[in-house]
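Notes for the structure review
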Amino acid sequence: MSEPSVIAAGDPGVKHTMKPLIAVLLCAIALPAFGSDFGSRYPAGAIKDRAQAEQALREADAEAARIDREAAAREAECHTRFLVNRCRDEVRRDKLVAEQELRRVRVEAHDLQRRLDAEEAARKRAASPEPAARPAPDVREPPRSREIPPDEAARNRADYEKRVEEQRRRAAEEQARAPERAANARAYEEKQAEAARRAQEKEAERKKNEERRAERRKQAEIKEAQREELRRKAEAAAKEAAKP
């Protein structure tokens with residue numbers, strides 16, 4: 001009984017036949033990228049006032065929800081493709097690129113809001129009435145139940161003016177430090193965003209490695225099953241040949 005012919009893996013004809021097939025399969029897995037003009041609507045420096053910042057943050061939330069929905073849909077589509085892992089990797093990379101624009105716009109909007117809040121607070125402190133009309137919590141008016149000696153009145157007035165000047169100095173320093181605090185807050189948010197991005201990439205790489213290991217185990221099991229089938233056929237053929 002003749003055995004069925006087995007085409008060797010190194011056969012040039014097999015390689016020639018497989019190349020067009022692989023190219024077709026690679027083309028078949030291509031999925032559209034996350035299409036959006038969100039980043040172009042808010043280029044760097046485009047957010048100028050509080051209303052624009054609030055609008056940008058609302059649109060950023062909506063864009064984030066859209067990206068999540070599209071990523072989930074594309075992830076599901078990947079399971080119908082030939083090279084599932086490569087397809088899912090492309091979805092993750094496209095999602096990271098889209099989310100980078102979201103983080104940039106959100107950081108710029110929050111930065112502007114903090115700066116405007118600091119400027120408004122400084123203006124309110126500077127525009128507050130003089131403590132003589134509305135005494136500050138730590139300033140006491142001279143008692144009016146008795147006559148104040150001239151020297152004591154002079155000292156009280158000097159102390160009062162000193163405290164007013166100190167309050168003005170602190171308000172000016174607070175206003176001067178507002179840009180620095182805003183920059184520090186922006187740097188912190190960027191650092192947190194970068195840490196989140198790295199953690200996401202690390203998790204994606206871990207899942208990718210797990211999928212590769214599972215694929216290798218699957219291929220090893222298939223090869224082992226093929227070897228076992230060949231061995232079984234060979235034993236059956238040997239028994240058949242040994243019959244009289």
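Reading guide: rules and limits
- One numbering rule holds for all chains: residues counted from 1, following each sequence as written.
- Thresholds applied to this predicted model are a pLDDT of at least 70 for local features of residues and 80 or more for the giving and counting of side-chain atom pairs; totals over whole chains, interfaces and linings are not thresholded and use all residues.
- The basis for the side-chain values is all heavy atoms of the structure; hydrogens and waters are excluded.
- Comment: axis = line fitted to C-alpha atoms, over the contacting stretch for helices; angle = value between 0 and 180 degrees taken between N-to-C directions.
- In this text, helices come from DSSP runs of H or I with a minimum length of four residues, and strands from runs of E with a minimum of two, each type numbered from the N-terminal end.
- Orientation labels follow simple angle bins: below 35 degrees gives roughly parallel, above 145 gives roughly antiparallel, 65 to 115 gives roughly perpendicular, and whatever is left gives oblique.
- Three categories are distinguished: nonpolar for Ala, Val, Leu, Ile, Met, Phe, Trp, Tyr, Cys and Pro, charged for Asp, Glu, Lys and Arg, and polar for the others, with Gly belonging to the last.
- Definitions for this section: a left-handed crossing has its near helix turned counterclockwise from the far helix by less than a right angle. A right-handed crossing has that turn clockwise.
- Think of it in three bands: residues with accessible area under 20% of the maximum for their type are buried, residues over 50% are exposed, and the middle band is partly exposed, with areas taken using a 1.4 Å probe on protein chains only.
- We call two residues contacting when some pair of their heavy atoms lies within 4.5 Å.
- We define a salt bridge as a side-chain nitrogen of Lys or Arg found within 4 Å of a carboxyl oxygen belonging to Asp or Glu.
- Per-residue confidence from the prediction method is given by pLDDT, with values spanning 0 to 100.
- Two cysteine sulfur atoms make up a disulfide if the distance between them is within 2.5 Å.
- Put simply, buried Ala, Val, Leu, Ile, Met, Phe, Trp, Tyr and Cys residues joined by side-chain atoms within 4.5 Å make one nonpolar core.
- Whenever two N or O atoms come within 3.5 Å, that pair is a polar contact, provided that in protein one can donate a hydrogen and the other can accept it, and provided that, for residues adjacent in sequence, both atoms are side-chain atoms.
- Here, patches come from residues exposed beyond 30% relative accessible area and free of salt bridges, joined within 9 Å for like charges and within 5 Å for nonpolar side chains (Val, Leu, Ile, Met, Phe, Trp, Tyr).
- Computed by Shrake-Rupley with a 1.4 Å probe, the accessible areas treat only the displayed protein chains as cover when residues are assessed.
- Neither His nor the chain ends contribute to the count of charged residues, in which Lys and Arg are positive and Asp and Glu negative.
- Taken as the charge centre is NZ of Lys, CZ of Arg, CG of Asp or CD of Glu, depending on the residue.
- Note on aromatic pairs: the rings of Phe, Tyr and Trp (six-membered ring only in Trp) are paired at centre separations within 6.5 Å, and the planes decide the class, stacked below 30 degrees, edge-to-face beyond 60, tilted for the rest.

Some thoughts on the packing of helix α3 (residues 50-78) against helix α4 (residues 84-126)
Interhelical geometry of α3 versus α4 gives an angle of 170° and a closest axis separation of 9 Å. Considering their axes alone, α3 and α4 lie roughly antiparallel with respect to each other. In terms of residue class, the contact of α3 with α4 is made up of 17 nonpolar, 2 polar and 16 charged.

Description of the packing of α4 against helix α5 (residues 150-242)
Where α4 meets α5, the axes come as close as 9 Å, and the angle between the chain directions of the two elements is 165°. When the interaxial angle is binned, α4 and α5 end up roughly antiparallel. Seen along the crossing, α4 lies across α5 with a hand that is right-handed.

Considering the side chain of Asp111
Within the fold, Asp111 resides in helix α4. In this structure Asp111 comes out as buried when scored by relative accessible area, which is 14%. Setting aside its immediate chain neighbours within four residues, Asp111 contacts Ala182 and Arg186.

Notes on the environment of Glu99
Locating Glu99 in the fold gives a position in helix α4. A C-alpha to C-alpha distance of 9.3 Å links Glu99 and Arg197, two positions 98 residues apart in sequence. Among residues more than four places away in sequence, those in contact with Glu99 are Ile67, Asp68 and Gln200.

Quick look at the pattern of salt bridges
All told, the structure shown has 33 salt bridges when counted by the stated rule. Residues joined in a network through salt bridges with shared partners are Glu75, Arg88, Asp89, Arg92, Lys208 and Glu211.

Description of the confidence of the model for the protein
On average, residues of the protein score 77 in pLDDT, and 77% of them are at 70 or above. Mean pLDDT across the elements of the protein bottoms out in helix α1 (residues 12-28) (41) and peaks in α3 (90). Low pLDDT, under 50, characterises residues 1-32; the stretch is placed with 23 contacts to residues that sit more than four places away or in other chains.

Considerations on the state of the cysteines
Linking two cysteines covalently via their sulfur atoms produces the bond known as a disulfide. Tallying each qualifying case throughout the model produces 1 disulfide. Between Cys78 and Cys87 runs a disulfide, and the two sulfur atoms are separated by 2.0 Å. Residues Cys78 and Cys87 are joined through a disulfide that is left-handed, its torsion about the S-S bond being -70°. Classification of Cys87 as buried rests on a relative accessible area of 0%.

Some details on the nonpolar core
In a soluble, globular protein the nonpolar side chains are often hidden away together inside. Membership of the largest hydrophobic core comes to 15 residues, with the highest contact counts inside it found for Phe38, Tyr42, Ile47, Leu102 and Val105. Within the residue set of this core, elements represented by two or more residues are α3 and α4.

Observations regarding the side chain of Glu99
When its relative accessible area of 15% is taken as the criterion, Glu99 is described as buried. Here Lys95 takes part through its side chain, which lies 2.5 Å from a polar atom of the side chain of Glu99.

What about a positive patch on the surface?
Judged by side-chain charge, Arg212, Arg213, Arg216 and Arg217 come together as a positively charged surface patch. Within the secondary structure layout, Arg216 lies in helix α5.

Quick word on the packing of aromatic side chains
Counted under the stated rule, the structure contains 1 aromatic pair. For the pair Phe38 and Tyr42, a centre-to-centre distance of 5.6 Å together with 55° between the ring planes defines the contact as tilted.

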